[in-house]
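So the chains spell out like this:
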Amino acid sequence: MVRGLILFLLLTGCSTQKTILVLSETDGFRHDSIETGVNAFYSIADDLGLVVIATEDSSRLCNKNYDVVVFLNTTGNILNEQEQQCLREFVESGGGFVGIHSAADTEYDWSWYGETLLGAWFVSHPPVSEETIQVINRSHPSTEHLQGEWTCTDEWYVYDRVPEQATILMEVNDHPISWCSNVGKGRSFYTGRGHTKTSYTENALLEHIKGGLLWVSQ
Ligand SMILES: [Zn+2]
């Protein structure tokens, strides 16, 4: 009886702990904030009781031993066709995807990535500056801790389009900077914030990312 109870607790304990695969592979510009960003994910995961696998190796996408994939400041064409298929199958069958900042500067040769999963690609950016974000949707886990305006310093991307299928969460200078969408049975969340090292010391940004992570992992 006791042995059965212990086994039951072990099994339920194992099955509820979700794993996040944090990919920061680059084939182009490499942000010097990647290490700080990875550490931020360890700390967020710790708060949420999640396990992190941090990797620079996109072939890990085909192991399918994770519940959420994060593209943390990835750049360039980093996935081969098999890896693309693994990621697409994962999300469409109910997995969660989080894109941080230059996740939008990634996989230009894969239309599904930019047009459907992420929603847009990066085009250009002015120098790092302080701007005021308009939080236009505050009924989402990634934004409910924010006020209507959020002033902060970052590198502000301009994108090639307004994401078509997405719910826009925040705008800066009249264009979307964070959004979320359903993709097949899965979910995708993107934020354009996260260029600088110091951004990962802001509690408001960590809460924003944490909320996005929670939303896609439901
Ligand atoms: Zn950047």
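Note: the structure precedes this text.
Residues numbered from 1 in each chain as written. Predicted model: local features only at pLDDT ≥ 70, side-chain atom pairs only at ≥ 80, totals over all residues.

Caption draft 1: Region of interest: the sheet that holds strand S6 (residues 129-135). Strand order in the open sheet made by the nine strands is S2-S1-S3-S4-S11-S10-S9-S6-S7, with mixed pairing throughout. The open sheet has two edge strands, strand S2 (51-55) and strand S7 (149-154), and neither has a second partner. Taken pair by pair, the neighbouring strands of this sheet meet at an average axis angle of 20°, ignoring direction. As judged from the six bridges shared by S6 and S7, these two strands associate in the antiparallel manner. Across the sheet, the residue bridging to serine 129 is aspartate 154, located in S7. Packing against the sheet, helix H4 (residues 111-118) makes contact with strand S4 (96-100), strand S10 (175-183) and strand S11 (186-191), and its axis sits at approximately 90° to S11. (Pairing = 2+ DSSP bridges. Helix = DSSP H or I, 4+ residues; strand = E, 2+ residues; numbered from the N terminus. Axes fitted to C-alpha atoms, helices over the stretch in contact; angles between N-to-C directions. Contact = placed C-beta atoms within 7 Å.)

Caption draft 2: Expanded view of H4. Burial in H4 covers these residues: Tyr113, Gly114, Leu117 and Leu118. Along H4, the residues classed as buried sweep out an arc of 120° about the axis, all on the same side. A positive backbone phi angle near 105° is found at glycine 119, which sits one or two residues after H4. (Buried ≥ 20, exposed ≤ 12 C-beta atoms within 10 Å, placed from the backbone. Arc of directions from axis to C-beta.)

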